[in-house]
Protein chains: 2
Amino acid sequence: MRIALDAMGGDEAPEQIVAGALESVDFLDQDDELILVGPEETVKAHLKPAGSRKSKISIFNAPDIIGMDAVPIESLRKKPKSSIAVLAKLAKLGQADAVISAGNTGACVAAFQMRMRNLPGVNRPGIAVVFPTPEGPVTICDVGANIACKPINLHQYALMANAYSKHLLGIEHPRVGLMSIGSEEAKGNEVVKKTLELLKSDKRLNFVGNIEGKDIFSGTCEVVVTEGFVGNVILKLTESLVDGLFRAIRDELMEEKIRLAMKFKPVMKRI
Amino acid sequence: MRIALDAMGGDEAPEQIVAGALESVDFLDQDDELILVGPEETVKAHLKPAGSRKSKISIFNAPDIIGMDAVPIESLRKKPKSSIAVLAKLAKLGQADAVISAGNTGACVAAFQMRMRNLPGVNRPGIAVVFPTPEGPVTICDVGANIACKPINLHQYALMANAYSKHLLGIEHPRVGLMSIGSEEAKGNEVVKKTLELLKSDKRLNFVGNIEGKDIFSGTCEVVVTEGFVGNVILKLTESLVDGLFRAIRDELMEEKIRLAMKFKPVMKRI
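Quantities reported herein were computed from a predicted structural model and do not represent experimental measurements.

**Student:** With reference to specific residues and values, describe the sheet that holds strand S7 (residues 175–179) of chain A.
**Tutor:** Residue and element names in this part refer to chain A. If you walk across this open sheet you meet the five strands as S5-S6-S9-S7-S8, and the pairing is mixed. Looking at the sheet topology across the chains shown, the edges are occupied by strand S5 (128–133) and strand S8 (206–211). Taking the axes of each pair of neighbouring strands and ignoring which way they run, one obtains an average angle of 25° across the sheet. Of the pairings in the sheet, the one linking S7 to strand S9 (residues 223–225) comprises three bridges and is parallel in character. Across the sheet, the residue bridging to glycine 177 is valine 224, located in S9. Sheet strands touched by helix H6 (residues 151–167): S5, strand S6 (136–141), S7 and S9. Its angle to S9, the strand with the most contacts, is close to 165°. With respect to the sheet, helix H7 (residues 190–200) is in contact with S7 and S8, its orientation differing from that of S8 by roughly 160°.

**Student:** Give me the pattern of salt bridges: which residues, what numbers.
**Tutor:** Counting across every chain of the model gives 24 salt bridges over all chains. Ionic pairing is found between Arg2(B) and Asp97(B), a salt bridge with its closest N-O pair at 3.1 Å. Of this pair, Arg2(B) sits in strand S1 (residues 2–6) while Asp97(B) sits in the loop between helix H4 (83–92) and strand S4 (98–100), and the two are 95 residues apart along the sequence. Among the residues examined, Arg2(B) registers a relative accessible area of 28% and is labelled partly exposed. Overlapping salt bridges, with partners in common, bring together Glu212(A), Lys214(A), Asp215(A) and Lys236(B) in one network.

**Student:** Go over the sheet that holds strand S3 (residues 57–61) of chain A, please, and point to the residues and values.
**Tutor:** All names here are of chain A. Strand order in the open sheet formed by four strands is S3-S2-S1-S4, with parallel pairing between adjacent strands. This sheet does not close on itself; its edge strands, each paired only once, are S3 and strand S4 (98–100). On average, each strand axis in the sheet is tilted by 25° relative to the strand beside it, whichever way the strands run. Strand direction decides the pairing type here: strand S2 (residues 33–38) and S3, joined by five bridges, are parallel. Bridge pairing in S3 places glycine 38 opposite asparagine 61. Helix-sheet contacts for helix H2 (residues 40–47) involve S2 and S3, and the interaxial angle to S3 is about 160°. Against the sheet, helix H4 (residues 83–92) touches strand S1 (2–6), S2, S3 and S4, its axis set at about 165° to S1.

**Student:** Break down the interface of chain B and chain A for me, with residues and values.
**Tutor:** Across the contact, 37 residues belong to chain B and 38 residues belong to chain A. If you sort the residues of chain B by the area they bury against chain A, Ile181(B), Phe229(B) and Leu237(B) come out on top, with a joint share of 17%. Between chain B and chain A we count two salt bridges in total. The residue Lys236(B) makes a salt bridge to Glu212(A) at a minimum N-O spacing of 2.5 Å. Here chain B is connected to chain A by four residue pairs in polar contact (both at pLDDT 80 or more).

**Student:** Provide a residue-level description of unusual backbone geometry, including the pertinent values.
**Tutor:** Residue and element names in this part refer to chain A. Geometrically, the link from alanine 13 to proline 14 is a cis peptide bond, its omega value of -5° lying close to zero. Among the structural elements, proline 14 can be located in the loop between S1 and helix H1 (15–24). Positive phi, normally seen in glycine, also occurs at arginine 117, with a value near 65°. Following the sequence through the fold, arginine 117 ends up in the loop between helix H5 (105–116) and S5. Residue arginine 117 is classed as exposed on the basis of its relative accessible area of 63%.

**Student:** Just give me the short version of the packing of aromatic side chains, but keep the residues and values in it.
**Tutor:** To describe a pair of aromatic rings, one takes the distance between the centres and the angle between the planes. Residue and element names in this part refer to chain A. This structure, assessed with the given rule, holds two aromatic pairs over all chains. Seen in terms of ring centroids, phenylalanine 131 and phenylalanine 217 are 5.8 Å apart; in terms of plane orientation they differ by 45°. Their pairing is tilted. Remark: phenylalanine 217 occurs in the loop between S8 and S9 and phenylalanine 131 occurs in strand S5; sequence separation between them is 86 residues. Since its relative accessible area comes to 14%, phenylalanine 217 is described here as buried.

**Student:** I'd like to hear about the pairing of strand S5 (residues 128–133) of chain B, residue by residue, with values.
**Tutor:** Residue and element names in this part refer to chain B. Residues Val129, Phe131 and Thr133 line the buried face of S5, whereas the alternating positions Ala128, Val130 and Pro132 sit on a face that is not buried. Of the strand pairs in this sheet, S5 and strand S6 (residues 136–141) are connected by six bridges, and their pairing is antiparallel. Bridge pairing in S6 links valine 130 to threonine 139. What sits between the antiparallel neighbours S5 and S6 is a turn of two residues.

**Student:** Let's hear about the environment of Ile147(A): which residues, and what values?
**Tutor:** Tracing the backbone shows Ile147(A) in the loop between S6 and H6. Between the alpha carbons of Ile147(A) and Glu227(A) there is a distance of 6.2 Å; along the sequence they are 80 residues apart. The contact partners of Ile147(A), leaving out residues within four places of it in the chain, are Glu227(A), Gly228(A), Phe229(A), Ile181(B), Gly188(B) and Asn189(B).

**Student:** Talk me through H6(A); I want residue IDs and the actual numbers.
**Tutor:** All names here are of chain A. An ideal rise of 1.5 Å per residue puts 24 Å on 17 residues; H6 measures up with 24 Å between its terminal C-alpha atoms. The set of residues buried in H6 consists of Pro151, Asn153, Leu154, His155, Gln156, Tyr157, Ala158, Ala161, Asn162 and Ser165. Next to the buried residues of H6 lie S6, S7, H7 and S9.

**Student:** Tell me about the side chain of Thr139(A), residues and numbers included.
**Tutor:** Relative to the elements of secondary structure, Thr139(A) occurs in strand S6. Of the residues examined, Thr139(A) reaches a relative accessible area of 0% and is grouped as buried.

**Student:** Outline the relation of the copies chain B and chain A, supporting the account with residue identities and numerical values.
**Tutor:** Turning chain B through 180° and shifting it by 0.0 Å along the axis lays it on chain A, with an RMSD of 0.1 Å. Taken together, the turn and the small shift mark the pair as related by a two-fold rotation axis. Nearest to the rotation axis, the C-alpha of Val230(B) is located 3.0 Å from it, this being the minimum over chain B. Same-surface contact between copies: 100% of interface residues of chain B are shared with the interface of chain A.

**Student:** Residue-level account of a nonpolar patch on the surface, with values.
**Tutor:** A contiguous nonpolar patch, built from Val130(A), Tyr164(A) and Leu168(A) and spanning about 260 Å² of accessible area, is present on the exposed surface. When its relative accessible area of 34% is taken as the criterion, Tyr164(A) is described as partly exposed.

**Student:** Which residues make up the pairing of strand S8 (residues 206–211) of chain B, and what values go with them?
**Tutor:** In regular strands, side chains alternate between the two faces of the sheet. Residue and element names in this part refer to chain B. Both strand S7 (residues 175–179) and S8 contribute to a ladder of five bridges, which runs parallel. Bridge assignment links methionine 179 to a residue of S8, and that residue is isoleucine 211. In this fold, S7 hands off to helix H7 (residues 190–200), which returns the chain to S8; that crossover is right-handed.

Procedures and definitions
- Residues numbered from 1 in each chain as written.
- Chains lettered and ligands numbered in written order.
- Predicted model: local features only at pLDDT ≥ 70, side-chain atom pairs only at ≥ 80, totals over all residues.
- Heavy atoms only, no water.
- Pairing = 2+ DSSP bridges.
- Helix = DSSP H or I, 4+ residues; strand = E, 2+ residues; numbered from the N terminus.
- Axes fitted to C-alpha atoms, helices over the stretch in contact; angles between N-to-C directions.
- Contact = heavy atoms within 4.5 Å.
- Salt bridge = Lys/Arg side-chain N within 4 Å of Asp/Glu carboxyl O.
- Buried < 20%, exposed > 50% of the residue type's maximum accessible area, 1.4 Å probe, protein only.
- Buried area = accessible area lost by both parts, 1.4 Å probe.
- Polar contact = N/O pair within 3.5 Å; in protein donor to acceptor, adjacent residues only side chain to side chain.
- Phe/Tyr/Trp six-rings, centres within 6.5 Å; stacked < 30°, edge-to-face > 60°.
- Expected span 1.5 Å × (residues − 1).
- Least-squares fit on C-alpha atoms with pLDDT ≥ 70 in both.
- Patch = residues over 30% accessible without salt bridge, like charges linked within 9 Å, V, L, I, M, F, W, Y side chains within 5 Å.
- Areas by Shrake-Rupley, 256 points an atom, 1.4 Å probe, with all protein chains shown as cover.
- Right-handed = clockwise from strand over helix to strand, strands pointing away.

Dropping the structure here:
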């Protein structure tokens, strides 16, 4: 598989992106290949000290950069040779089988919508995130692409996240839940109630009904459908809460006994 | 302080409510008094084995019960002698300084709106929850009373939660944050954007602007304003995540070494 990677996307690009690419080499299959997309000389300079690990990594020149705060469509029009625009081109031309960018989300979405188009029947893109849970991976869509969702958008998010869960995570019949404030059908706002009807009547989905915030980590379903505002809060809250709890545990343990804290470290890492 | 307690509200009432009342006796001040509200004979029967702890507890007879799934206003009309209706009456007559119920939320809200009315200028009640965080208590309003919030409702929730934080939690100038999907003013849906303007121009509030899901536990503010759908997801997600993480840690530790798990128990309890 040829994986194209935006060398210039993200808060600490290209240093951290190139470092990550180099670290990932050990996890690649025999015929995998990494393509770093960015200004050739800059990327080359960061790759330099890496030695033999470079053999699976190539560079594709994209001299321009779209900043994190740039206006998506405008910047794509002005910078057709930006790493993000080139990424979309490589995908469209079949020169990359997968693309990765930690850059400007809006620009990424716009670039790929223009080049690749949506799935048939899908009007609006969504952002999906996979949460690792004790019961296996849970795909949540949308986490922030669309904060004025209509029921039809949510229905399409269900179909897209379902396809992702099935084909990329290998879950045969992903159970799909709709985020609400109670499992009863009468609960939820108007958008949720209308979406419930659409999901219930779609035979392609293994729909399990409304779920609540507590169900994400409880093995109730493998796909969570929610509008972007709620999904974004869920994502950021979860990240910070897990991080905060681990930090609180570490601090408490340090006060108790450093040796105990050290013993606890591998446990945390595994979780 | 006279605290009236709904003996019949909650999934395992009256057993657990009475048990909780008895446990709480040790934490009461000299002149505090607990009033258990419910069917006199039933409550008495559960209090019986308690011995001397009962001296601070009295019973106020309320023969009827409003079930967890009952329709609020209808059931209040039919059952004026239900524990919830009596609770509101005691508060209105000044016979209770505080009331507690784990029963039907809708019925509680309706009963108190009818008896006590809202704060001046407030149209709709909200449900506030106090999250314990490493940086101190954070009051979040609303967590589910109103899932079709208008900006004016959110403004009023800010004022109510601000008053709660100030007068009940003793925080002099609570910092108030508005839940959104980014700290920038341009982020958020239409309701959030309009609410932002209202909160910014209200001199009574120490408003710090938009916050994100990650800010709840990071000491950014002491009051979080959000509409009920998002607040409800936040509440239930947080509860389950903390619970789930602690369980995951316990399981991992148990596999490692039971002695290590035992050492870790008091740390968890403190957190």
